[in-house]
Protein chains: 6
Amino acid sequence: MYYTDKLLQYPVRVERPDPVFARALQQAIGGIEGEIRVCLQYFFQAWGARGPAKYRDLLLNTATEEIAHIEMLATAVALNLEKAPLSIKEDIAADAAGGSVLNGMDMRHVLSTGLAALPTDANGVPFDTSHVYASGNLAADMLANVTAEATGRMLATKLYNMTEDPGMKDMLSYLIARDTYHQQQFLAVIEELGGLDANLPIPNSFPQEAEATEFSYTQLGFNRDGTPPPAGRWSEGPSLDGKGEYSQRPMEPLGGEPMLAPPRPGGGAQAQQMRGVAEGDGVLGKAAHAVKEALRE
Amino acid sequence: MYYTDKLLQYPVRVERPDPVFARALQQAIGGIEGEIRVCLQYFFQAWGARGPAKYRDLLLNTATEEIAHIEMLATAVALNLEKAPLSIKEDIAADAAGGSVLNGMDMRHVLSTGLAALPTDANGVPFDTSHVYASGNLAADMLANVTAEATGRMLATKLYNMTEDPGMKDMLSYLIARDTYHQQQFLAVIEELGGLDANLPIPNSFPQEAEATEFSYTQLGFNRDGTPPPAGRWSEGPSLDGKGEYSQRPMEPLGGEPMLAPPRPGGGAQAQQMRGVAEGDGVLGKAAHAVKEALRE
Amino acid sequence: MYYTDKLLQYPVRVERPDPVFARALQQAIGGIEGEIRVCLQYFFQAWGARGPAKYRDLLLNTATEEIAHIEMLATAVALNLEKAPLSIKEDIAADAAGGSVLNGMDMRHVLSTGLAALPTDANGVPFDTSHVYASGNLAADMLANVTAEATGRMLATKLYNMTEDPGMKDMLSYLIARDTYHQQQFLAVIEELGGLDANLPIPNSFPQEAEATEFSYTQLGFNRDGTPPPAGRWSEGPSLDGKGEYSQRPMEPLGGEPMLAPPRPGGGAQAQQMRGVAEGDGVLGKAAHAVKEALRE
Amino acid sequence: MYYTDKLLQYPVRVERPDPVFARALQQAIGGIEGEIRVCLQYFFQAWGARGPAKYRDLLLNTATEEIAHIEMLATAVALNLEKAPLSIKEDIAADAAGGSVLNGMDMRHVLSTGLAALPTDANGVPFDTSHVYASGNLAADMLANVTAEATGRMLATKLYNMTEDPGMKDMLSYLIARDTYHQQQFLAVIEELGGLDANLPIPNSFPQEAEATEFSYTQLGFNRDGTPPPAGRWSEGPSLDGKGEYSQRPMEPLGGEPMLAPPRPGGGAQAQQMRGVAEGDGVLGKAAHAVKEALRE
Amino acid sequence: MYYTDKLLQYPVRVERPDPVFARALQQAIGGIEGEIRVCLQYFFQAWGARGPAKYRDLLLNTATEEIAHIEMLATAVALNLEKAPLSIKEDIAADAAGGSVLNGMDMRHVLSTGLAALPTDANGVPFDTSHVYASGNLAADMLANVTAEATGRMLATKLYNMTEDPGMKDMLSYLIARDTYHQQQFLAVIEELGGLDANLPIPNSFPQEAEATEFSYTQLGFNRDGTPPPAGRWSEGPSLDGKGEYSQRPMEPLGGEPMLAPPRPGGGAQAQQMRGVAEGDGVLGKAAHAVKEALRE
Amino acid sequence: MYYTDKLLQYPVRVERPDPVFARALQQAIGGIEGEIRVCLQYFFQAWGARGPAKYRDLLLNTATEEIAHIEMLATAVALNLEKAPLSIKEDIAADAAGGSVLNGMDMRHVLSTGLAALPTDANGVPFDTSHVYASGNLAADMLANVTAEATGRMLATKLYNMTEDPGMKDMLSYLIARDTYHQQQFLAVIEELGGLDANLPIPNSFPQEAEATEFSYTQLGFNRDGTPPPAGRWSEGPSLDGKGEYSQRPMEPLGGEPMLAPPRPGGGAQAQQMRGVAEGDGVLGKAAHAVKEALRE
């Protein structure tokens, strides 16, 4: 269960409202790198957590923080929109060096809201929850979370660089710090689980001898001319999980040509396909005719 | 540029076609854990790669392999559909212990294709390319790739466990092995870049003193009663990036209540909102009336 | 800012786990009638609220409750999946009167999660945030909320009727009660704002004389033969907002045929279109030829 | 069945074509507040209507009108695009006070159409039919329709305010009037069904004693410190449906901590999770090792 | 403008309601091969039509027919759902040879509607209007329409084959006939425009000498080993548009390796990327360190 | 299986980077007219191909080429972004005649990538694979492919017209040529199958006497006043498939009013609907009350 105190986690100030920057901030709300995503991701990981309860609690704790981050950003968007032009006339009147504001802002901030945030990205694309990665595997989910916090922090630093507004820079410096910590936090879970290597390959509960181990530590090359793919840490030496030795070889196909049965009657194919007409046959029209005649009988 | 030899990377055999398993396999084609996703993800990372060219080449090489994986799975779906029922009559006639096949299969395998694979997941939801994570940050992208290979391997092991068909088990054991390697491969890139710690926090090119460092290594607690959040590797001791010391504290709000300006005329709010009616005012109808009167004048 | 105590708002018990019912419950999580939707809707309405603060606080309070509802339902899904078949063999072994469980359950509950809830609807379609209605107009938003609670309660009653499990019936009886209250709550806001009539037409801050008032209280009929459309409270008597008199008439078109300019060169049309070829012209091929010749010169 | 006369319901004139305003108009075509939505919503409500036929006929009649509204708006978009720049050169040449036109217009109006409307919103996001609310419950559907007409009217008034073009203002004044009427119309249906109160709670056909009535008229508070949520018409006095008395109390959790079973073998979790490792265990790596060893035997 | 007479275009009878077939029928309503799609496609082509008015009128006429087709199918879905199980108990009681009905039907037919059609496909995926192909080029649009009618007819014949219900077969035989005609109709437009050849390449208004004509009639081969791609009508002899001669050759790359600039400071890349570290460098960690140091100064 | 040589199919040069043109180019990558679409479409058609193998090989060959086209366009986007503004300050400093660059570019090119291509369209909408038309019917699929190449070529010519950059014009002239050839190629397949007429109606394997042939070659008119629809090649003379004679007639409804059963108890309707209240009944509230009373007993 959840509670609120109606206060912001950190101050949100905007000195010079900028509706175009409001559009940029939307990416941090409803973008795939944004806060709705991590909030729901951590909640669904927590609500489906099986195994030691402390990790569920950690996820719940972090998810709860993320609501406050959406809140901060939504407030920042609304404050940046305070003086947004409601009409083309207003827009032109206010036009300055930066060009028309209506051109660059998200028009739906005027048309669909009362100058407030939308749960969409910087292009107005709504967030969709297929981005909630919650696989039930603790190591995979922790990696997904570190990834999410990495793209989140990247986005926040770009927003920081984009604006000159001291209030916005201050708010973003806080969100960047939290993204730093959350990267550290989710990696520390893996550390506590024995370190990344002990968790490989994910999932580590599948009996590895059931996989085609000949191909488990080998870099296959797909260069047309058979030259080797780029060498590196991944192509020689002991594997990171300590269970194999990296190697490298060009790939040659091990399977033949796929052979599907011809189309079945009633399956909606053309008559010509069903005849399985031989290549080079110049009279396919006749074939079609014949099949159709046969169908009629 | 790309080339083909029309052969399968690894043999694809189906001994007992099973249209319901064909539906399950779809998740590995068009699901978020599937092969279309990793294929496009590695391609877009490669095509946008800035920095050392070897990583671009590695990504290109892997992306090219993934096309062959989609191909294998699409072939497996088609082979599992060879005897799928085209009609309710056929379905009932073939009914056995497992219940109606039409109930459990993806009907679009009959209705929308010629008994072949769709670029959708096990529920028929199309893949959408917002799942292509290609941030331009090498470390973030490598983590995203390990995550993708982890969920991919998890999915493949579940499919392996679900079926009894030896051909399918063989094909999946190969795909599982490749997912093992690709986890190792992308982690080895990070290793070569100095190891995960040297890459933190991602992005590591942002001057960290610009962030609110007081909050960069601190676990904040959001328990209602102020009790500490779950302790662990993430709450004490040196941070994983070696730049800080983990700590822990309950969060108290640092920002006040958000204050937005009242709605502007012409912005589509109700008259009652625009009056900024004081709380407790029992005569809001009058307020609305007054504002509307004023608008008329 | 938000807090948690890790406890459920109301007990969630499942006596006989049923993976098919787990699929049905998904509609209440990620469906358009579901709890993610109302949760985000109330949050975005609150975070963008302009006008009297009490309504913002009311929305925040209700949104905070809705998180706990998603949590209850996600827990219910996980509990219903406790014994879900992981393989076709297991499925067949467990087969009873109800037919194959794998046929009827959401396969992604096995394939994509660790037997836990997804943020999707009963067909596996992810929730997308375009369903968050937060217009910034208090009356419109309250109506949207009552509608959401009405479809939510409808869904919950259908789930109640669908299951025989006493634990699930108990949980649903609670959610149904909350949907009852929330309908009452949001309508009471409108009551406090002077009642529905005083708020019409929404938005009531637009000067109504600027609309084409001749058509503001008139039911127009679109029956082919000019017979009147169905009469009722909406076709005669005083209008509900007390500002007009309902009437009724068949619609006759007031505008002519739309006239668009011909395609411009360079705009990608066919040459034949650009010539504006007269109807009945039997030699359109020549026209195309001529235009193309001209383009070449 | 349906018929056309190829004429516009109301004149559509554009005096000064404005491609940026064409983008804004798209919201009224393919936005969630737009005409495709209401058109399909009323049609699906009508085609699935069960109960008195007059309401089906009313919905059919209104849906048929809405096609003409999409038509008007699509015509308006095409007319606003008549002189849109097809190239960057043309764009710069025409540049005036308002900044680059290509910057602010929907580029797909040039790239994907012949300077005509798209079935998308102002950000180019396609309409998706999940927004068609057709629950089969007459009262819920009428409320959904009033809500749709309210957001539709809000949008139309904002478009009216945004433009200076007299032709566009005239067209919008007509659409605004129709939105006024349709709000009145759908509320009048509820009036005829006994008024809103008689229809509560929706659905009113569920036996209310089966719900947890203790919570049906009570505002629960989720303030962290237990202070009451905002009071109002919804917290004391008789409930709007006349069946209860409003009250208010802080919420305390009634359910305990959710307890899910540990992950099952073969379900894709990490070995560490399956061991159910106790908190504080510093040697989780060993645990993982042990489980994996066991799996191998 | 549009009108209705509330009658069905053709009788819709269901003798033995079948909720699973109702799900199949959904594909013809909200699937990409379905009637909502063609209806909106023809409308948007008509409303944006530039050039001879008769083609706009033809499109309007056909679009108007398609509304009646959605109506027929929606009615068919509702009739097939008349006895659908509302509960698991009811479902089990009615269980017959075909297995559980709830397993195979679209649960949202119970949960989200009053046993009526949804604007979704057979998997419950909503229709989205990005499938409305309306390019403004008459020939391209006619081909898109023939394609749509071809997939539509294919789907209708599969539904015809799937069911044994005489009423449903009768309705489908009518829809199949209309799909036959509409294929003929849209091809006849092309015929009237001078035939398909005269319209090639589409768009035929682009001056063809501006294209790289060396590659305009040549089949390029992408076989890994340089063997020719499959020969046929497309690889030798005069081209279908009469303007070239087909030929064939293996493709060799004409462009070099793509060279992107290194990442810019402030763009969110890793420090290691920005250094442009040479391949083979084993001390990348140092590089990262150095760049970060530099950033701090 | 697939191979790469890491080279571009054709040179990609950008002389004057233009971030706004980069946005336009996105339509050719991730738009419905774009290269991801045709690439996946041809692959899925190939992988599901049943019938003569040469057509599968042809599709594979073409799909393999299309990867190289996405690659060229992705490279073009990245090159156009080389000097894109990373901040508002930079943007204003660079401001020239064309107005603010940030206004007109896709902000996600800065925020979500390292100045590189996204798999989205010109409005930032992700590509979704429902656009992969692969019906299993050879003729339908060939038409779908010609259509795709037609809209693709149209888009490429518009991009050609939009830019002044010689490098971009050169690249586009190549892509336009390939679109010319691919139109020719897919039509030649139909030619080889006996010509378009021999393939009609699609699918031609359905016994045509099972359709309602009375309506197979008749243009039905939906003008309100019964006047005939526009005449043309499609309304008289022999049909294009040589099996019928075109005719024309106004449509009159052949089916009656649809009659659905009243709502069932437990199905979530309002009590008023379930009573089937007669029209004109002024006391519907009582009806609702009565039904609810009955439910309680």
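Just so it is clear, the model here is predicted, and its values are computed rather than measured.

Asks: How should I be thinking about the overall build of chain A in this particular structure?
Replies: Of the regular secondary structure elements, chain A holds 10 helices and 4 strands. Its helices and strands taken in sequence order, chain A reads β-α-α-α-α-α-α-α-α-β-β-β-α-α from the N to the C terminus. Over its C-alpha trace chain A gives a radius of gyration of 28 Å, far above what one expects of a compact globule, namely 19 Å for 297 residues. Relative to its 297 residues, chain A shows a buried fraction of 73%. Computed over 24 positive and 38 negative side-chain charges, the inter-centroid distance for chain A is 5 Å.

Asks: What exactly am I supposed to notice about the packing of helix 1 (residues 19–30) of chain E against helix 7 (residues 138–162) of chain E here?
Replies: When two helices pack together, their arrangement is captured by the angle between the axes and the distance separating the axes. Residues and elements named next belong to chain E. For the pair helix 1 and helix 7, interaxial distance at closest approach is 10 Å and the crossing angle is 170 degrees. Accordingly, the angle class assigned to the pair helix 1 and helix 7 is roughly antiparallel. Judged by residue contacts, Phe-21, Ala-24, Leu-25, Gln-27 and Ala-28 of helix 1 engage Leu-155, Leu-159 and Met-162 from helix 7. Class assignment of the residues belonging to the contact of helix 1 with helix 7 gives a composition of 7 nonpolar, 1 polar and no charged.

Asks: What is the right way to look at the interface of chain F and chain E in this model?
Replies: Many authors give the size of an interface as the accessible area that is lost as the parts come together. Residue-level contacts link 104 residues of chain F with 105 residues of chain E. For the pair chain F and chain E, the number of links is 4 salt bridges. Of the charged contacts in the structure, one is a salt bridge between Glu-211 of chain F and Arg-153 of chain E, with a shortest N-O distance of 2.5 Å. At the junction of chain F and chain E, the tally comes to 54 residue pairs in polar contact (both at pLDDT 80 or more). The set of elements that each furnish at least two residues to the side of chain F that touches chain E consists of helix 3 (53–80), helix 7 (138–162), helix 8 (166–192) and strand 2 (218–221) of chain F. Considering every element that reaches the side of chain F that touches chain E, the biggest residue donor is helix 8 of chain F, with 15 residues. Partitioning the side of chain F that touches chain E into residue classes produces 54 nonpolar, 29 polar and 21 charged.

Asks: How should I be thinking about the domain arrangement of chain A in this particular structure?
Replies: Taken domain by domain, chain A consists of domain 1 (19–197) and domain 2 (215–250). Centre-to-centre separation of domain 1 of chain A and domain 2 of chain A, based on C-alpha positions: 38 Å.

Asks: Help me out: how do you make sense of the relation of the copies chain A and chain D in this one?
Replies: There are two copies of the chain, and a rotation about an axis plus a shift along that axis relates them. Of the two same-sequence chains, chain A is brought onto chain D (RMSD 0.0 Å, axial shift 0.0 Å) by a rotation of 120 degrees. Within this description, the copies of the chain are treated as partners about a three-fold rotation axis. Closest approach to the rotation axis among the C-alpha atoms of chain A is made by Gly-99 of chain A, whose C-alpha sits 2.9 Å away.

Asks: What is the right way to read the pattern of salt bridges from this model?
Replies: Pairing is possible between side chains that carry opposite charge, provided their charged atoms lie close to one another. All names here are of chain F. According to the stated counting rule, one finds 80 salt bridges over all chains in the structure shown. For Arg-249, the salt bridge is made with Glu-214, and the minimal N-O distance between the two is 3.5 Å. With Arg-249 in strand 3 (residues 247–250) and Glu-214 in the loop between helix 8 and strand 2, the pair connects residues that are 35 residues apart, well separated along the chain. On the basis of relative accessible area, Arg-249 is assigned to the partly exposed category, the value being 32%.

Asks: Quick question: what am I supposed to make of the UniProt feature "binding site: Mn(2+) 1" (unreviewed entry) in chain A here?
Replies: Residue and element names in this part refer to chain A. Feature annotation in UniProt assigns "binding site: Mn(2+) 1" (unreviewed entry) to the following positions: Glu-35, His-69, Glu-149 and His-182. Their sequence span is 148 residues, while the largest C-alpha to C-alpha distance among them is just 13.0 Å; these annotated residues converge on one region. Tracing the backbone through its elements, the reader meets His-69 in helix 3 (residues 53–80). Its relative accessible area of 0% is what places His-69 among the buried residues. Setting aside chain neighbours within four positions, we find His-69 in contact with Gln-9, Glu-35, Leu-175 and Arg-178. There is a polar contact of 3.1 Å between the side chain of His-69 and the side chain of Gln-9.

Asks: I tried to follow the relation of the copies chain F and chain E on my own but got confused; where do I start?
Replies: Screw-axis analysis of chain F against chain E gives a translation of 0.0 Å along the axis, an RMSD of 0.0 Å, and a rotation angle of 180 degrees. Here the two chains are linked by the operation of a two-fold rotation axis. Taken together, the interface assignments show that 100% of the residues at the interface of chain F recur at the interface of chain E, consistent with an identical surface on both copies.

Asks: Mind showing me how you'd approach empty space enclosed by the protein here?
Replies: A water-sized probe, rolled over the atoms, reveals where empty space remains. As a volume, the second largest cavity reaches approximately 310 Å³. Considering the residues around the second largest cavity, the lining is formed by 33 residues, among which Gln-273 of chain A together with Gly-48, Ala-49, Arg-50 and Gly-136 of chain F are closest to the centre. Of all the secondary structure elements, the ones that give two or more residues to the lining of the second largest cavity are helix 2 (35–47), helix 3 and helix 7 of chain F. Tallied by class, the residues present in the lining of the second largest cavity amount to 17 nonpolar, 10 polar and 6 charged.

Asks: For this particular structure, what's the right way to read the environment of Val-189 of chain E?
Replies: Tracing the backbone through its elements, the reader meets Val-189 of chain E in helix 8 (residues 166–192). For Val-189 of chain E and Leu-143 of chain E, which are 46 residues apart along the polypeptide, the C-alpha to C-alpha distance reads 9.9 Å. When near neighbours in sequence (up to four residues on either side) are disregarded, Val-189 of chain E contacts Tyr-55, Leu-58 and Met-142 of chain E together with Trp-234 of chain F.

Asks: Just checking my understanding: could you explain the side chain of Glu-71 of chain B for this structure?
Replies: Within the secondary structure, Glu-71 of chain B is located in helix 3 (residues 53–80). Buried charge without a salt bridge: Glu-71 of chain B, with Arg-56 of chain F as the nearest opposite-charge side chain at an N-O distance of 7.4 Å.

Asks: Please clarify how the sheet that holds strand 4 (residues 245–250) of chain C should be interpreted in this entry.
Replies: Sheets are built from strands paired through backbone hydrogen bonds, the pairs being either parallel or antiparallel. All names here are of chain C. Strand order in the open sheet formed by 3 strands is 2-4-3, and the pairing between neighbours is mixed. One side of each edge strand has no neighbouring strand; the edge strands of this open sheet are strand 2 (218–221) and strand 3 (237–238). Sheet topology note: the strand 3/strand 4 ladder contains 2 bridges and is antiparallel. Within strand 4, the position partnered with Gly-237 by the bridge is Tyr-246.

Asks: Explain the interface of chain A and chain D here, please?
Replies: At the interface, 57 residues of chain A touch 53 residues of chain D. Taken together, both faces of the contact between chain A and chain D bury some 4300 Å²; the carbon and sulfur share is 52%. Taken as a group, Arg-50, Asn-103 and Leu-111 of chain A account for 17% of the area that chain A buries against chain D, more than any other trio of residues on that side. Taken together, the links from chain A to chain D amount to 2 salt bridges. Note that Glu-164 of chain D is salt-bridged to Lys-89 of chain A, the shortest N-O span being 3.9 Å. Across the contact surface, chain A and chain D share 25 residue pairs in polar contact (both at pLDDT 80 or more). When residues of the side of chain A that touches chain D are traced back to their parent elements, those giving at least two are strand 1 (2–4), helix 3, helix 4 (88–93), helix 5 (101–104), helix 6 (108–111) and helix 7 (138–162) of chain A.

Asks: Before we go on, may I ask you to explain the pairing of strand 2 (residues 218–221) of chain B in this structure?
Replies: Taken residue by residue, a regular strand's side chains alternate between the two faces of the sheet. Residue and element names in this part refer to chain B. Neither face of strand 2 is open: one carries Thr-218 and Leu-220, the other Gln-219 and Gly-221, and all of them are buried. As paired strands, strand 2 and strand 3 (residues 247–250) are joined by 4 bridges and run parallel to one another. Bridge assignment links Thr-218 to a residue of strand 3, and that residue is Ser-247.

Asks: Is there a simple way to explain the state of the cysteines in this structure?
Replies: Chemically, a disulfide is nothing more than a covalent bond linking the sulfur atoms of two cysteines. Inspection of the entire model under this criterion finds 0 disulfides over all chains. With no disulfide of its own, Cys-39 of chain C lies 7.8 Å from the sulfur of Cys-39 of chain A, the closest cysteine sulfur. By relative accessible area, Cys-39 of chain C is classed as buried at 7%.

Here is what the cut-offs are and how they apply
Residues numbered from 1 in each chain as written. Chains lettered and ligands numbered in written order. Predicted model: local features only at pLDDT ≥ 70, side-chain atom pairs only at ≥ 80, totals over all residues. Heavy atoms only, no water. Helix = DSSP H or I, 4+ residues; strand = E, 2+ residues; numbered from the N terminus. Rg over C-alpha atoms; globule rule 2.2 N^0.38 Å. Buried < 20%, exposed > 50% of the residue type's maximum accessible area, 1.4 Å probe, protein only. Lys, Arg positive; Asp, Glu negative; His and termini not counted. Charge placed at Lys NZ, Arg CZ, Asp CG, Glu CD. Axes fitted to C-alpha atoms, helices over the stretch in contact; angles between N-to-C directions. Parallel < 35°, antiparallel > 145°, perpendicular 65-115°, else oblique. Contact = heavy atoms within 4.5 Å. Nonpolar A, V, L, I, M, F, W, Y, C, P; charged D, E, K, R; others polar. Salt bridge = Lys/Arg side-chain N within 4 Å of Asp/Glu carboxyl O. Polar contact = N/O pair within 3.5 Å; in protein donor to acceptor, adjacent residues only side chain to side chain. Domains from an automatic or database assignment. Least-squares fit on C-alpha atoms with pLDDT ≥ 70 in both. UniProt positions renumbered as here; feature names shortened; annotations may be inferred. 1 Å grid on protein atoms, 1.4 Å probe; cavity = no way out; pocket = protein on both sides within 12 Å on 5 of 7 lines; lining within 4 Å. Points joined across faces, edges and corners; volume = space filled by probe spheres on them. Pairing = 2+ DSSP bridges. Buried area = accessible area lost by both parts, 1.4 Å probe. Disulfide = S-S within 2.5 Å.

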